[in-house]
Amino acid sequence: MSKQFADLGIQEFICKALCDLKIVEPTEIQQKIIPLLLSNTTDIVGLAKTGTGKTAAFGLPLLQLIDTNLPVIQAVILIPTRELGHQIFSNLEAFAKYLPKISIAVACGGIPIKPQIERLATPTHIVVATPGRLIDLIQRKAINLKETQFLILDEADEMVSILKEGLDEIITELPKKHKTFLFSATLPGTIKQLIQNYLNKNAIQVAANMETLGNQGINHQYIVVNPIEKLDVLMHFLNSKEGERGIIFCKTKAAVNKLAKI
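Each value, and the rule that gives it
- Residues numbered from 1 in each chain as written.
- Predicted model: local features only at pLDDT ≥ 70, side-chain atom pairs only at ≥ 80, totals over all residues.
- Heavy atoms only, no water.
- Core = buried A, V, L, I, M, F, W, Y, C linked by side-chain atoms within 4.5 Å.
- Buried < 20%, exposed > 50% of the residue type's maximum accessible area, 1.4 Å probe, protein only.
- Helix = DSSP H or I, 4+ residues; strand = E, 2+ residues; numbered from the N terminus.
- Contact = heavy atoms within 4.5 Å.
- Pairing = 2+ DSSP bridges.
- Phe/Tyr/Trp six-rings, centres within 6.5 Å; stacked < 30°, edge-to-face > 60°.

**Student:** Quick question: what am I supposed to make of the nonpolar core here?
**Tutor:** Most often, soluble globular proteins keep nonpolar side chains buried together rather than apart. Counting 40 residues, the largest nonpolar core has Leu60, Leu63, Ile77 and Ile126 as the members making the most contacts within it. The biggest single contributor to this core is helix H3 (residues 54–65), with 6 residues. Contact partners of Leu63, with chain neighbours within four places excluded, come to Ile14, Leu92, Phe95, Ala96, Leu99, Ile102, Ile104 and Ile126. Formed by 33 residues, the second largest nonpolar core is a distinct cluster that contains Leu78, Ile170, Leu194 and Ile195.

The structure is reproduced here in structure tokens:
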């Protein structure tokens, strides 16, 4: 018989929210990570591909570890992009549907900071933030992390360059005895160095679903072009696919706006 979330130690009210979301059976990374986080004994490194349920793996036990009697920030979740930040915020809000006393805030760059400062002036337990915006809030003395017990680095390999520059400033604001939970889809040398520098030497490393290859029904193709040719090649491709639908990913918001106007 497969394990259920209750078997992993997740409390009734959170399990009820998961049931509403039709999330019934834990994924491999969730089965391995949830009991470790609930035990709250050491730092953890979780390795799993995107889409394998990492948010619930750290989010569910995190909600359970929050002391709602303390109106202070107890956990900070660092993420590489504003889009992922809002996604994790929405997921946590859904998981905490029957935990009305838990307060979650999101603080990401690319949008005005004033409303975020005003939000953080009210009691908050969990903050989901991009590193740059969090550092900005720290420098403005608009956020207090002196009682924060948990630091989660999600998709760490996607923001390692930012973390190398700003993590010291963030760590300085946290209590010395905080726990760090790092999640990544890959383990390059830069992440290994990050783990060595900022996590406990006894940190537990857990890997799951690393063989995941994605949807096998997708046909992958690519074209190598010079940067100056890229737009012409893309437009030729789109014109040859008239009447079909697709998604185009761009590196920056400016690139998205430029392409949308063509």
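**Student:** Looking at this model, I keep getting lost on the pairing of strand E2 (residues 75–78). Mind explaining?
**Tutor:** In regular strands, side chains alternate between the two faces of the sheet. Here E2 shows no split at all, with Ala75 and Ile77 on one side and Val76 and Leu78 on the other all buried. Direction of pairing for E2 relative to strand E5 (residues 150–153): parallel, over a ladder of 4 bridges. Across the sheet, residue Val76 finds its bridge partner in E5, namely Leu151.

**Student:** Quick question: what am I supposed to make of the packing of aromatic side chains here?
**Tutor:** Geometrically, a pair of aromatic rings is defined through the distance of the ring centres and the angle of the planes. Per the stated rule, a full pass over the model turns up 2 aromatic pairs. Measuring from ring centre to ring centre gives 5.3 Å for Phe58 and Phe183, while their planes differ by 45°; the resulting arrangement is tilted. Of the two residues, Phe58 sits in helix H3 while Phe183 sits in strand E6 (residues 179–184), which places them 125 residues apart along the sequence. The same class applies to Phe58 as to Phe183, namely buried. With a centroid separation of 6.0 Å and an interplanar angle of 25°, the aromatic rings of Phe150 and Phe181 are classed as stacked.

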